[in-house]
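Summary of structural features
Next come the chains, spelled out residue by residue.
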Amino acid sequence: MEVGMFLDGILNPDKPNVALDIGSKYVKAVSLKKIGTQIQVADFNIAELPENIEDKISADAAKKENAQINEEFKDKVSLIVKDVLHKTGAGKNVITAINSRYLVNRIVSAMGAPESNEFNSAVQVAMKEQFANYQGDVIRTSHEILKKAEGDLPSTVLIAAAKKEALDFYTDVTAKAGYKLTVIDGVPFALANIFEYINSRDPELASLNNEEKNYILVDIGFNNFNIVGVKNNFPVYFRGTFNFSDRFVIDTIKNNEGLGDADAISRKFELFAKSLDEKEKSAIKDEVLNKYYKNYFYGQTNQLVKEIEDALISMEIPKENLRKISFSGGGSFFPFLLEFVMTKIKGGSDMKLKVEMINPFFQMVARNDAKMKEMAGKLPLFATAAGLALRCL
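So, here is what we can say about the structure in this document.

Thresholds applied
Residues numbered from 1 in each chain as written. Predicted model: local features only at pLDDT ≥ 70, side-chain atom pairs only at ≥ 80, totals over all residues. Heavy atoms only, no water. Phe/Tyr/Trp six-rings, centres within 6.5 Å; stacked < 30°, edge-to-face > 60°. Buried < 20%, exposed > 50% of the residue type's maximum accessible area, 1.4 Å probe, protein only. Helix = DSSP H or I, 4+ residues; strand = E, 2+ residues; numbered from the N terminus. Pairing = 2+ DSSP bridges. Axes fitted to C-alpha atoms, helices over the stretch in contact; angles between N-to-C directions. Contact = heavy atoms within 4.5 Å. Core = buried A, V, L, I, M, F, W, Y, C linked by side-chain atoms within 4.5 Å. Salt bridge = Lys/Arg side-chain N within 4 Å of Asp/Glu carboxyl O. Parallel < 35°, antiparallel > 145°, perpendicular 65-115°, else oblique. Expected span 1.5 Å × (residues − 1). Arc of directions from axis to C-beta.

Here's the deal with the packing of aromatic side chains
Scanning the entire structure with this criterion turns up 11 aromatic pairs. With 6.1 Å between their ring centres and 55° between their planes, Phe 244 and Phe 248 make a pair best called tilted. Accessibility expressed as a relative area gives 1% for Phe 244, which makes it buried. Measuring from centroid to centroid gives 5.2 Å for Phe 272 and Phe 333, while their planes differ by 75°, and the two rings are edge-to-face. Of this pair, Phe 272 sits in helix α7 (residues 261-276) while Phe 333 sits in the loop between β13 (324-328) and α9 (337-346), and the two are 61 residues apart along the sequence.

Focus: the sheet that holds strand β10 (residues 215-220)
Strand order in this open sheet of five strands is β12-β11-β10-β13-β14, and the pairing throughout is mixed. Two strands close off the open sheet at either side, each with one partner strand: β12 (234-241) and β14 (354-357). Direction aside, neighbouring strands of the sheet carry axes that sit 15° apart on average. One ladder, built from six bridges, connects β10 with strand β11 (residues 225-231); its direction is antiparallel. Looking at the pairing, Tyr 215 lines up with Val 230 of β11.

Re the sheet that holds strand β8 (residues 155-163)
Spatially, the three strands line up as an open sheet ordered β6-β8-β7, and their pairing is antiparallel. The sheet is open, and its two edges are formed by β6 (103-110) and β7 (139-147), each paired on a single side. Adjacent strand axes in the sheet meet at a mean angle of 20°, parallel and antiparallel pairs treated alike. By the bridge criterion, eight bridges tie β6 to β8 in an arrangement that is antiparallel. Bridge pairing in β8 links Val 104 to Ala 161. Packed onto the sheet, helix α3 (residues 117-130) meets β6, β7 and β8 and runs at close to 45° relative to β8.

Observations regarding the environment of Thr 174
Checked against the element boundaries, Thr 174 lands in helix α4 (residues 164-176). Sequence-wise, Thr 174 and Asn 93 are 81 residues apart; in three dimensions their C-alpha atoms are separated by 9.6 Å. Filtering out sequence-adjacent residues up to four positions away, Thr 174 remains in contact with Leu 20, Val 94, Tyr 179, Lys 180 and Leu 181.

Notes on the nonpolar core
In a soluble, globular protein the nonpolar side chains are often hidden away together inside. Counting 117 residues, the largest nonpolar core has Val 218, Ile 325 and Phe 361 as its most contacted members. Apart from the residues within four sequence positions on either side, Ile 325 is in contact with Ile 216, Val 218, Ile 308, Val 341, Ile 345, Leu 353, Lys 354, Val 355 and Glu 356. Formed by 12 residues, the second largest nonpolar core is a distinct cluster that contains Val 108, Ala 110, Ala 126 and Ile 139.

Considering the pairing of β10
Of all the six residues making up β10, six are buried; the element is thus mostly covered by neighbouring parts of the structure. Neither face of β10 is left uncovered, since the one carrying Tyr 215, Leu 217 and Asp 219 and the one carrying Ile 216, Val 218 and Ile 220 both have all their residues buried. With antiparallel pairing between neighbouring strands as the criterion, β10 and β11 make up a hairpin whose turn holds four residues. Pairing analysis gives five bridges linking β10 to β13, with the strands arranged parallel. Each bridged residue has a counterpart across the sheet, and for Val 218 the counterpart in β13 is Phe 327.

Points about the pattern of salt bridges
Using the criterion set out here, one finds 26 salt bridges in the structure. The residue Glu 339 makes a salt bridge to Lys 281 at a minimum N-O spacing of 3.6 Å. Of the two residues, Glu 339 sits in helix α9 while Lys 281 sits in helix α8 (residues 278-315), which places them 58 residues apart along the sequence. In this structure Glu 339 comes out as partly exposed when scored by relative accessible area, which is 31%. Taken together, the shared-partner salt bridges connect Glu 71, Lys 74, Asp 75, Asp 172 and Lys 176 into one network.

Focus on the packing of helix α6 (residues 246-257) against α7
It is at 9 Å that the axes of α6 and α7 come closest, and there the two elements cross at 105°. Considered as vectors, α6 and α7 are oriented roughly perpendicular to each other. Contacts from Asp 246, Val 249, Ile 250, Ile 253, Lys 254 and Glu 257 in α6 reach Asp 261, Ala 264, Ile 265, Arg 267 and Lys 268 in α7.

What to know about the environment of Glu 309
Position of Glu 309 relative to the elements: it lies in helix α8. Judged by relative accessible area, which is 26%, Glu 309 ranks as partly exposed. Dropping the residues within four chain positions of it, Glu 309 is found in contact with Lys 319 and Ile 345.

What about the environment of Glu 339?
The spatial distance from the C-alpha of Glu 339 to the C-alpha of Glu 356 is 9.3 Å, given a sequence separation of 17 residues. The residues touching Glu 339, leaving out its near neighbours within four places in the chain, are Lys 281 and Lys 285.

Regarding α4
Compared with an ideal rise of 1.5 Å per residue, which puts 13 residues at 18 Å, α4 spans 18 Å between its outermost C-alpha atoms and is within 8% of the ideal. Among the residues making up α4, those that are buried are Ala 166, Leu 167, Phe 169, Tyr 170, Val 173 and Thr 174. For α4, the angular spread of buried residues about the axis comes to 160°, placing them on one side. Among the residues trailing α4, Gly 178 stands out with phi positive, at a value near 95°.

All quantities given are derived from atomic positions and should not be read as evidence of function.
The structure is reproduced here in structure tokens:
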């Protein structure tokens, strides 16, 4: 699945060689190269932002009295973007993705040969109906064919609308950094890209029939999370929601342990690392479950499980037919979250379900093995950037 929704210069002679992910909390960049039949991770870098970027974009950015403040914030972000892109070896053109907070998408059917008058008319009608609550001067719309029409069957089309103020923010920040955006994708679609890549190379899934290839990817960002649903080996579900987020995880640790932002983030990664160590795991499990899940976390994690179950209902997949749930993003690093979800979804059944943290560089060759090992614990943060980078190959 290759979607360049709101700006698509992927066929530009000087196409981007680095993917840029400007998230709420971090700026990430990934460069991939094709070497024969293999994909090499040429480089990847990450840097923390000074403020929550999504809160800043949404704070009445159009008001004249905020104009100077917004420009100053763009300047701060652009310096970080410039440094990360430079370290990653970016050329003059880059690709990025707009966060789902500023994105609305639907999957619709459209008759007619792709890009014919009949097809284009059907897509425009669908957009007017689906995005009727959004004014035309504040959004930009686009579409991508997911599955072309066959015989009397219509095409399956992904339609999307993005807030212009957010698109302008990404474009301006990148320009201030000295680079040009030639492709603007959507975060859920970049996630679908990397999810499709990983699933196609997972030996545990190779023996399954298409009808058995039902998976869900949950990406928990700082402000919201995205769910990508795959049915019969085909992406059919994209949803962004604020029901669970890394911000909630960080705030819970801060409030419960009296820590500042930086220390709470470090504590989260520390607890997660211990939860993966067999010796450390048993020592912290009761404390984490009693301190967080019973008092602060239980309702929110149940809401996360409900989102997964709602996705299965929307996709018309019986729960027992779900084969894998993958997690990415900063909020996925909370200890025992994957175990909690596994227990809740299985509900005591013997269903064959794999729950894992995603490795976006799965079966890729690292140019810098030492860096890959050093960053191994934080690789799921690069899922969106890796999905974008696949489009540059």
